[in-house]
Amino acid sequence: GRPDAPRARGLVDGRRDAGLASPGVELGRGATKGRAVKILIFGSCGWVGSRLLAAWPDATGTAARIEHPWEVALALDSAKPDAIVNAAGRVGIPNVDWCENHVFETWRDNATGPAALAAACAERGVHLTHIGSGCVFSGPSPRTRAGLLDIGWHEDDTPNAGSLYARSKAAADL
């Protein structure tokens, strides 16, 4: 790994605990330079989360499901992390088309779940980084329609999500 990458130790979900030492990382209140920063990844069993763990081998994953507040509370209270990365969400099986016929599960896992996770993190003073989706944008960017050079969508552009999946992901980004 990189020399500046966080380093983990211990045990949370049977893998390792969230004790990460990352000199120079500052995360909101309570975290200082040179102090061990504890980071926990939700959704670590999914495609994005598993790649985060592979790229950041010292990070810790949890199998806690964000749609279950008691699992979130247990994971946060057990690991006592300084920061959370949320890579959890519902994409459907075999693909996002599944979401169109499973409104409750899609909205719960992609919109209300992240909101509940954000509230739990706020209650504990834990920094949250939420991984969104580019699917909240469709078609050419406004700059392209305006006849400007196609520089693509920007994170501050207004989403124009069409599918239920995209709308649920856009709701979590608000």
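Residues numbered from 1 in each chain as written. Predicted model: local features only at pLDDT ≥ 70, side-chain atom pairs only at ≥ 80, totals over all residues. Heavy atoms only, no water.

What follows covers the nonpolar core. Among the nonpolar cores identified, the biggest contains 14 residues, and Phe42, Val72, Leu76, Ile84 and Leu117 are the most heavily contacted of them. Here this core takes four residues from helix H2 (residues 69–79), the largest share from any one element. Residue contacts for Leu117: discarding those within four places in its chain leaves Phe42, Ile66, Val72, Ile84, Asn86 and Leu128. Counting residues in hydrophobic clusters, the runner-up holds six residues, among them Ile41, Leu53, Ala59 and Val85. (Core = buried A, V, L, I, M, F, W, Y, C linked by side-chain atoms within 4.5 Å. Buried < 20%, exposed > 50% of the residue type's maximum accessible area, 1.4 Å probe, protein only. Helix = DSSP H or I, 4+ residues; strand = E, 2+ residues; numbered from the N terminus. Contact = heavy atoms within 4.5 Å.)

A few words now on the environment of Ala111. Structurally, the position occupied by Ala111 is in helix H4 (residues 103–124). As a C-alpha pair, Ala111 and Glu67 span 44 residues in sequence and 9.7 Å in three-dimensional space. Excluding residues within four positions of it along the chain, Ala111 makes contact with Thr106, Ser168, Ala171 and Ala172.

With that settled, consider H2. All of the buried residues in H2 are Val72, Ala75, Leu76 and Ala79. Along H2, the residues classed as buried sweep out an arc of 95° about the axis, all on the same side. Among the exposed residues of H2, those pointing more than 90 degrees away from its buried face are Trp70, Leu74 and Ser78. One or two residues past the end of H2 sits Lys80, with phi positive at roughly 50°. (Arc of directions from axis to C-beta.)

Its 22 residues give H4 an end-to-end C-alpha distance of 30 Å, which sits within 8% of 32 Å, the value for a rise of 1.5 Å per residue. If you look at H4, its biggest bend is around 40°, right at Thr112, and the proline Pro114 turns up within four residues after that. Of all the positions in H4, only Thr106, Asp109, Asn110, Ala111, Gly113, Pro114, Leu117, Ala120 and Cys121 are classed as buried. Gly125 occupies a position one or two residues after H4 and carries a positive phi of about 70°. (Expected span 1.5 Å × (residues − 1). Bend = angle between axes of the 7 residues up to and from the residue.)

Looking along a regular strand, one sees side chains alternate from face to face of the sheet. Burial along strand E4 (residues 83–86) is two-sided: Ala83 and Val85 facing one way and Ile84 and Asn86 facing the other are all buried. In this structure, E4 lies alongside strand E5 (residues 127–130), joined through four bridges in parallel fashion. Within E5, the position partnered with Ala83 by the bridge is His127. (Pairing = 2+ DSSP bridges.)

This part takes up unusual backbone geometry. Positive phi values are uncommon outside glycine, yet Lys80 reaches one of about 50°. By the element assignment, Lys80 lies in the loop between H2 and E4.

On to the confidence of the model for the protein. Of the residues in the protein, 72% reach a pLDDT of 70 or more, and the chain-wide mean stands at 75. Contacts of residues 1–32 to residues separated by more than four positions or lying in other chains number 79 contacts, the stretch itself having pLDDT below 50. (pLDDT = per-residue confidence, 0-100.)

Here we take up the pattern of salt bridges. Going through the model one piece at a time under the given rule, you end up with five salt bridges. With its nearest N and O atoms 2.7 Å apart, the salt bridge here joins Arg124 to Asp77. Linking Arg124 in helix H4 with Asp77 in helix H2, this pair joins segments that are 47 residues apart in sequence. Close ionic contact of Asp109 with Arg90 constitutes a salt bridge, the shortest N to O distance being 2.6 Å. A residue pair is termed long-range when its members are at least 10 positions apart, and Asp109 in helix H4 and Arg90 in the loop between E4 and helix H3 (97–100) qualify at 19 residues. Here Asp109 falls in the buried class, since its relative accessible area comes to 3%. Residues joined by salt bridges that share partners form a network here, namely Asp77, Glu123 and Arg124. (Salt bridge = Lys/Arg side-chain N within 4 Å of Asp/Glu carboxyl O.)

Once that is clear, we can look at the packing of H2 against H4. Following both chains from N to C, one finds H2 and H4 inclined at 35°, their axes separated by 10 Å at the closest point. Considering only the axes of H2 and H4, their crossing is right-handed. Here Val72, Ala73, Leu76 and Asp77 of H2 come into contact with H4, specifically with Leu117, Ala120, Cys121 and Arg124. Here the contact of H2 with H4 is composed, by residue class, of six nonpolar, no polar and two charged. (Axes fitted to C-alpha atoms, helices over the stretch in contact; angles between N-to-C directions. Left-handed = near helix turned anticlockwise from the far one by under 90°. Nonpolar A, V, L, I, M, F, W, Y, C, P; charged D, E, K, R; others polar.)

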